[in-house]
Amino acid sequence: MTRPAWSGYFSTFQLILLALFSALIVVAKIVLRTPLQLPGHTGIFWMAIMLVATRVVPRRGAASVVGVTSGIMAAFLGAGDFGALNTFLSYTAVGVGVDLAMLLLPNMENLPQAALVGALGHTGKFLVKWVIGVVAQAPVGFLALGLARSIAGYIVFGALGGVLGALTLLALRRAGYFAYLAEKK
Amino acid sequence: MSQTKRLLIGIVILGGLAGLVLSVEMWRGAALAQSAGAEATLTPGAVPIYLQGQRVAAFEPADLERLPLANFVEPVENKTQEGWLLYDVLRLYLPEEALLADTQVRVISTSRGKSAELTWGEIADLKNMVMFDLSGRGTLKLVSLLDRLATRDQWVQDTDRIEVNVP
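Since this is a predicted model, take the numbers as computed values, not measurements. Going along each chain's sequence as written, the residues are numbered from 1 onward. Lettering of chains starts at A and numbering of ligands starts at 1, both following the order in which they are written. Selection of residues for local features in this predicted model requires a pLDDT of at least 70, selection of side-chain atom pairs for listing and counting requires 80 or more, and totals for whole chains, interfaces and linings are taken over all residues.

Regarding the environment of Leu118 of chain B
All names here are of chain B.
Moving on, step 1. By definition, any uninterrupted DSSP run of H or I lasting at least four residues is a helix, any uninterrupted run of E lasting at least two residues is a strand, and each is numbered from the N terminus. Among the secondary structure elements, Leu118 is positioned in strand 6 (residues 114–119).
Moving on, step 2. Taking the C-alpha atoms as reference points, Leu118 and Val105, 13 residues apart in sequence, are found 5.2 Å from one another.
Moving on, step 3. When near neighbours in sequence (up to four residues on either side) are disregarded, Leu118 contacts Val105, Ile123 and Val130. Note on contacts: residues are paired as contacts if their backbone-placed C-beta atoms lie within 7 Å.

What follows is the structure in C-alpha cells.
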C-alpha cells in the first residue's frame, strides 16, 4: 500500500513539538491571568508561543497544525464565551492567519516582521468571532466605539505577542537551541 | 521584495481588514435603524426594556455616564468582570412601583437563544453582583455570582432585550 504524499511532511518529533506548543497555548490561556480588562489581551502570550512554534518547526503549515490542535483541546475543555465551534474556529484562525502572514513576512527573528505577523494572526481570531456574530445575527456593539476598541486591542496585543515571540527566538538562538534541535531531526 | 515593501503590504492588509469590519458594522447599524419601523428611536446597539409587554425605555450607551462601574472576580475562572449593575440600569429607567421584590426580570439574547430569569429581590441583593460586562466584540453579557449564572454556559452573551413583568 502506498503512503499518501503528505505522510512524511512533518516528522514524528516535529508533530510532538507542535502538540506540546498547542497544549502550552491552551494551558496559558486558562492559567495565565493578566489584570488587563482589554479585549484581546491574551494575544501577548498566545502569539508569542505561536511564533516560537513556527521557528522551532520551520515548515509551512506548522502554525495551522498548532491552531487546529489547540482549537480541538480548547473546545473539549469548554474554553471561550461563544461555544465549542466558535472556540475551535478562532484558535484555528490564529494558526492559519500566522501561516498566511508568514508567506509575506517569513523572518520571525526580525522584530517588525514578527510584530506584524502577530497582529495579522491575532486579527484572524477576531475576524472569526465577528463573522460568527454577524452570521448568528448578534446585536451590533453596545458602544459605538466598542468594536473599534476590540480590533485595536487584538492588533496591539497580537503585535506585542509577536515581539515577545521574536525576542524569545533570539534568546533561544543565543543559547544554541536551534543548533541542538538540528541534530534531533 | 524589500522588507519595507513587505511591511507596508502587511500594514495595508491589516488596515483593510479593520476598515472592512467597521464598515460592515456601520452598515448593520444603519440597516437596523431603518428596519426598526415603530422602534426607530432605538439607537443601534441599545437594549430595549419592556415593562408588561410594552417598550418603555432602552439601555443606551449615552446613559453610561450616569451609572457607576462595578466589578467582581468570578470564582470559577478567577476572571474579573467589570461593567454596570442590572440594579442600577433598571432603577434608571423604570418607576419604583414596578420594582417589587417578586417582579420578574428576563434578560434575553435572541441571537443565542438564551435567557436568564431573575427576581428583583435577587437583582437588588448587591452581593449577587448581577451585572452587564462588555464582551470582546462590544456586546453586553449578563454575569453574576448567583449559582445559576456562575459559568460561561449560564451567562447571557449578546444581550439584546430585557423584559420586566410585575405580578
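A word on the pairing of strand 9 (residues 161–165) of chain B
Residues and elements named next belong to chain B.
Moving on, step 1. Neighbour density around each residue's C-beta defines its exposure: 20 or more other C-beta atoms within 10 Å make it buried, 12 or fewer make it exposed, and counts between make it partly exposed, where C-beta atoms are placed from the backbone. Only one face of strand 9 is covered, namely the one carrying Ile162 and Val164; the face carrying Arg161, Glu163 and Asn165 has none of its residues buried.
Moving on, step 2. The rule for pairing is simple: two strands pair if DSSP sees at least two bridges between them. Of the pairings in the sheet, the one linking strand 5 (residues 104–109) to strand 9 comprises 5 bridges and is antiparallel in character. Each residue of the ladder has a partner; that of Ile108, found in strand 9, is Arg161.

Here's the deal with the sheet that holds strand 6 of chain B
Residues and elements named next belong to chain B.
Moving on, step 1. Spatially, 2-1-9-5-6 is the arrangement adopted by the 5 strands of the open sheet, whose pairing is mixed. In this open sheet, the two strands that pair with only one neighbour each are strand 2 (54–59) and strand 6. Sheet twist, expressed as the mean angle between neighbouring strand axes with direction ignored, is 20°. Here an angle of 0 to 180 degrees is reported between the N-to-C directions of two axes, which are lines fitted to C-alpha atoms, with helices fitted over the stretch in contact.

Some thoughts on the sheet that holds strand 4 (residues 79–85) of chain B
All names here are of chain B.
Moving on, step 1. Taken in spatial order, the 4 strands of this open sheet run 3-4-7-8, and their pairing is antiparallel. In this open sheet, the two strands that pair with only one neighbour each are strand 3 (70–74) and strand 8 (140–143). Neighbour to neighbour, the strand axes of the sheet diverge by 45° on average, direction disregarded.

Quick word on the nonpolar core
Moving on, step 1. Think of a nonpolar core as buried Ala, Val, Leu, Ile, Met, Phe, Trp, Tyr and Cys residues chained together by C-beta atoms that fall within 7 Å. Ranked by size, the top nonpolar core spans 52 residues in total, and within it Ile49, Met50, Leu51, Ala53, Val66 and Val117 of chain A carry the most contacts.
Moving on, step 2. Looking at this core, the elements with two or more residues in it are helix 1 (12–31), helix 2 (43–56), helix 3 (62–76), helix 4 (84–104), helix 5 (111–135) and helix 6 (146–174) of chain A.
Moving on, step 3. With 10 residues, the top contributor of residues to this core is helix 6 of chain A.
Moving on, step 4. Setting aside its immediate chain neighbours within four residues, Ala53 of chain A contacts Leu18, Phe21, Ala62, Ala63 and Val66 of chain A.
Moving on, step 5. Counting 31 residues, the second-largest nonpolar core is a separate cluster that includes Ile49, Phe59, Leu94 and Leu149 of chain B.

Topic: unusual backbone geometry
Residues and elements named next belong to chain B.
Moving on, step 1. In this structure, Gln52 is a non-glycine residue whose phi angle is positive, near 50°.
Moving on, step 2. Locating Gln52 in the fold gives a position in the loop between strand 1 (47–51) and strand 2.
Moving on, step 3. A positive phi angle is found at Asp158, which is not glycine, with a value near 55°.
Moving on, step 4. Relative to the elements of secondary structure, Asp158 occurs in the loop between strand 8 and strand 9.

With respect to the packing of helix 3 of chain A against helix 4 of chain A
Residues and elements named next belong to chain A.
Moving on, step 1. Across the interface, helix 3 lies against helix 4 with an axial gap of 7 Å and an inter-helix angle of 165°. With respect to their mutual orientation, helix 3 and helix 4 come out roughly antiparallel. The handedness of the crossing between helix 3 and helix 4 is right-handed. Touching Ala63, Ser64, Val66, Gly67, Val68, Ser70, Gly71, Ile72, Ala74 and Ala75 of helix 3 are Ala84, Thr87, Phe88, Tyr91, Thr92, Ala93, Val94, Gly95, Val96, Val98 and Asp99, all from helix 4.
Moving on, step 2. As a working rule, the residues Ala, Val, Leu, Ile, Met, Phe, Trp, Tyr, Cys and Pro are called nonpolar, Asp, Glu, Lys and Arg charged, and the rest polar, with Gly in that last group. The residue makeup of the contact of helix 3 with helix 4, split by class, is 13 nonpolar, 7 polar and 1 charged. By the definition adopted for this analysis, an angle is roughly parallel if under 35 degrees, roughly antiparallel if over 145, roughly perpendicular if from 65 to 115, and oblique otherwise. Two helices crossing with the near one rotated counterclockwise from the far one by less than a right angle form a left-handed crossing, whereas a clockwise rotation gives a right-handed crossing.

What to know about the interface of chain A and chain B
Interfaces are often described in size by the accessible area the parts lose on coming together.
Moving on, step 1. On the side of chain B, 33 residues touch chain A, which itself brings 33 residues to the contact.
Moving on, step 2. Counting residues per element, the side of chain A that touches chain B draws most heavily on helix 5 of chain A, at 9 residues.
Moving on, step 3. Residues belonging to the side of chain A that touches chain B are distributed by class as follows: 22 nonpolar, 8 polar and 3 charged.

Comments concerning the pairing of strand 7 (residues 131–134) of chain B
Residue and element names in this part refer to chain B.
Moving on, step 1. Alternating residues of strand 7 divide into Met131 and Asp133 and Phe132 and Leu134, and every residue in both groups is buried.
Moving on, step 2. Looking at chain direction, strand 4 and strand 7 are connected through 3 bridges and run antiparallel. Across the sheet, residue Trp84 finds its bridge partner in strand 7, namely Phe132.
Moving on, step 3. Relative to strand 8, strand 7 is paired through 4 bridges, and the arrangement is antiparallel. Note on strand 8: the bridge partner recorded for Asp133 is Lys141.

Description of helix 3 of chain A
Residues and elements named next belong to chain A.
Moving on, step 1. By this rule the span expected of a helix is its residue count minus one, scaled by 1.5 Å. The terminal C-alpha atoms of helix 3, which comprises 15 residues, lie 21 Å apart, in line with the 21 Å expected from a rise of 1.5 Å per residue.
Moving on, step 2. Taking burial as the measure, the 15 residues of helix 3 include 12 buried ones, the bulk of the element.
Moving on, step 3. Residues Ala62, Ala63, Ser64, Val65, Val66, Gly67, Thr69, Ser70, Gly71, Met73, Ala74 and Ala75 constitute the buried set of helix 3.
Moving on, step 4. Of the surrounding elements, those touching the buried residues of helix 3 are helix 1, helix 2 and helix 4.
Moving on, step 5. A positive phi of about 75° marks Gly78, the residue just after helix 3.

With respect to the packing of helix 4 of chain A against helix 5 of chain A
All names here are of chain A.
Moving on, step 1. Packing of helix 4 against helix 5 leaves a shortest axis separation of 7 Å and a crossing angle of 145°. Relative to helix 5, the crossing made by helix 4 is right-handed. Along its contact with helix 4, which presents Asn86, Leu89, Ser90, Ala93, Val94, Val96, Gly97, Val98, Ala101 and Met102, the element helix 5 presents Leu116, Val117, Leu120, Gly121, His122, Thr123, Gly124, Lys125, Leu127, Val128, Lys129 and Ile132.
Moving on, step 2. Its residues assigned to classes, the contact of helix 4 with helix 5 comprises 13 nonpolar, 7 polar and 2 charged.

So far we have only geometry, and geometry alone does not tell us how the molecule works.
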